[in-house]
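Observations on the three-dimensional arrangement
If you want the building blocks of each chain, they are given just below.
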Amino acid sequence: MARHSSHPFDVLVEKFAQIFADRIATLIPRGTPGNGTAPGRGGGRGLKRDMSCRYPGCTNRSKGPRFRFLCEKHLKLPRKKQDEVLAKWAEKNE
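As the structure is a prediction and not an experimental result, all values here were calculated from the model.

Description of helix H1 (residues 8-27)
Think of an α-helix as turning once every 3.6 residues; residues three or four places apart then point the same way. If you check H1, its first and last C-alpha atoms are 29 Å apart, about what 20 residues at 1.5 Å a residue would give, namely 28 Å. When you tally the buried positions in H1, you get zero out of 20 residues, a small fraction of the element.

Concerning the nonpolar core
Cys 53, Cys 58, Leu 70, Cys 71 and Leu 86 together form the largest nonpolar core, which totals five residues. Leaving out residues up to four positions away in the same chain, Leu 70 has contacts with Cys 53, Arg 54, Tyr 55, Ser 62, Lys 63, Leu 75, Gln 82 and Leu 86.

Some remarks on a nonpolar patch on the surface
On the surface, Phe 16, Phe 20, Ile 24, Leu 27 and Ile 28 cluster together into a nonpolar patch covering about 560 Å² of accessible area. The topology assignment puts Ile 24 in helix H1. Among the residues examined, Ile 24 registers a relative accessible area of 33% and is labelled partly exposed.

Focus on the pattern of salt bridges
Applying the stated criterion to the full structure yields two salt bridges. Note that Arg 54 and Asp 50 form a salt bridge whose closest N and O atoms lie 3.3 Å from each other.

Observations regarding the packing of aromatic side chains
A full pass over the atoms with the stated rule returns one aromatic pair. Here the aromatic rings of Phe 16 and Phe 20 are separated by 6.2 Å at their centres, their planes lie at 20°, and the arrangement is stacked. Of this pair, Phe 16 and Phe 20 both sit in helix H1, four residues apart, which is roughly one turn of the helix. Here Phe 16 falls in the exposed class, since its relative accessible area comes to 59%. Given the relative accessible area of 51%, Phe 20 is considered exposed. Lying across the ring of Phe 67, Lys 63 places its NZ or CZ 4.5 Å from the centre.

A look at the side chain of Arg 54
Positionally, Arg 54 belongs in the loop between H1 and helix H2 (72-75). Residue Arg 54 is classed as buried on the basis of its relative accessible area of 8%. Of the polar contacts made by the side chain of Arg 54, one reaches the backbone oxygen of Asp 50; its length is 3.3 Å. If we skip the residues at most four places from it in the chain, Arg 54 touches Arg 68, Phe 69, Leu 70, Val 85, Leu 86 and Trp 89.

Conventions and cut-offs
- Residues numbered from 1 in each chain as written.
- Predicted model: local features only at pLDDT ≥ 70, side-chain atom pairs only at ≥ 80, totals over all residues.
- Heavy atoms only, no water.
- Helix = DSSP H or I, 4+ residues; strand = E, 2+ residues; numbered from the N terminus.
- Expected span 1.5 Å × (residues − 1).
- Buried < 20%, exposed > 50% of the residue type's maximum accessible area, 1.4 Å probe, protein only.
- Core = buried A, V, L, I, M, F, W, Y, C linked by side-chain atoms within 4.5 Å.
- Contact = heavy atoms within 4.5 Å.
- Patch = residues over 30% accessible without salt bridge, like charges linked within 9 Å, V, L, I, M, F, W, Y side chains within 5 Å.
- Areas by Shrake-Rupley, 256 points an atom, 1.4 Å probe, with all protein chains shown as cover.
- Salt bridge = Lys/Arg side-chain N within 4 Å of Asp/Glu carboxyl O.
- Phe/Tyr/Trp six-rings, centres within 6.5 Å; stacked < 30°, edge-to-face > 60°.
- Lys NZ or Arg CZ within 6 Å of the ring centre and 35° of its normal.
- Polar contact = N/O pair within 3.5 Å; in protein donor to acceptor, adjacent residues only side chain to side chain.

As structure tokens, then:
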């Protein structure tokens, strides 16, 4: 713990630091009370992406958008077959 000094310069610096902290605190945006998140961040409760494999009847989890929403097993299919499957899925889910 810091020792409290009564030297005039130390008192002046301490007072300046307190005024500065008070002013900065009023400028910093606060999150909504109770949820503990910053405004505009969503807090991880945003859009839940459908990560299932797009192949008909497959219940595996896909590898995500980078891998065309196909699981490891169906990524091994020829590109032409993948395109057909994805077109069929898009048609059904529009």
